[in-house]
Amino acid sequence: SGAWLASGPVSGECPRLYLSYRDPGAVSRDSLRLTVTSTICPWAQLGHGEPQPLTVGSFQGLVVEAGSDVSGDLTNGTTRVFFLTDLSVEDAATVLGSLRPFDPDTEPAPLPGIPST
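Thresholds, definitions, all that
Residues numbered from 1 in each chain as written. Predicted model: local features only at pLDDT ≥ 70, side-chain atom pairs only at ≥ 80, totals over all residues. Heavy atoms only, no water. Helix = DSSP H or I, 4+ residues; strand = E, 2+ residues; numbered from the N terminus. Buried < 20%, exposed > 50% of the residue type's maximum accessible area, 1.4 Å probe, protein only. Contact = heavy atoms within 4.5 Å. Areas by Shrake-Rupley, 256 points an atom, 1.4 Å probe, with all protein chains shown as cover. Core = buried A, V, L, I, M, F, W, Y, C linked by side-chain atoms within 4.5 Å. Pairing = 2+ DSSP bridges. Salt bridge = Lys/Arg side-chain N within 4 Å of Asp/Glu carboxyl O. Arc of directions from axis to C-beta.

(A) Main features of the overall build of the protein. If you tally the helices and strands in the protein, you get one helix and seven strands. Along the chain direction, N to C, the helices and strands of the protein fall in the order β-β-β-β-β-β-β-α. Across the 117 residues of the protein, 30% fall into the buried class. Sequence-distant contacts, at least 24 apart, represent 37% of the contacts inside the protein between residues at least 6 apart. Of the roughly 7,700 Å² of accessible surface on the protein, 56% is carried by carbon and sulfur atoms.

(B) Quick look at the nonpolar core. One finds Leu34, Leu54, Val56, Leu74, Phe83, Leu96 and Leu99 to be the most contacted residues of the largest nonpolar core, which totals 17 residues. Looking at this core, the elements that each hand over two or more residues are β3 (31-38), β4 (52-56), β5 (59-66), β6 (69-75), β7 (79-85) and α1 (89-96). For this core, the element with the most residues is α1, which contributes four residues.

(C) Layout of the pairing of β5. Note: β4 against β5, five bridges, orientation antiparallel. Directly across from Gln52, in β5, lies its bridge partner Val63. Linkage of β4 to β5, two consecutive antiparallel strands, is achieved through a turn of two residues, within which Gly57 is found at a positive phi near 60°. Hairpin remark: β5 followed by β6, antiparallel, with two residues in the connecting loop; positive phi at Gly67, about 65°.

(D) Representation of the pattern of salt bridges. Scanning the model with the defined rule gives one salt bridge in all. Between Arg80 and Asp73 there is a salt bridge, and its shortest N-O distance comes to 3.1 Å. With respect to class, Arg80 is no different from Asp73; both count as buried.

(E) Quick look at α1. Buried within α1 we find Val89, Ala92, Ala93 and Leu96. All buried residues of α1 project into a common sector of 100° when viewed along the axis, lining one side. In α1, those exposed residues whose orientation departs by more than 90 degrees from the buried face are Glu90 and Thr94. Summarising the contacts, the buried residues of α1 are in contact with β3, β4, β5, β6 and β7.

Have a look at this one:
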């Protein structure tokens, strides 16, 4: 439902890719927000709750369940992904299983049928 890139350095920030997903049939639920950056970038704290380990594909880190919110901080050694969702941990892990490394210095490959800008 949304994607944008915050290029750095802006006031000491690292480049970050923000992705927002939402079930088009859901009015105010079934959303997943991702922030993707490098592991050398500083990071915010996870939500309140007991952190639990989570591994999805080549990414591993911690996840916290707090009420209906689930937040996590995952890394594969070069790429860091923070996520916030109202999905269950199991459903979030299934979706996050498609994560791939993000390199802001690499020009993205063109997609068929989508013009480059």
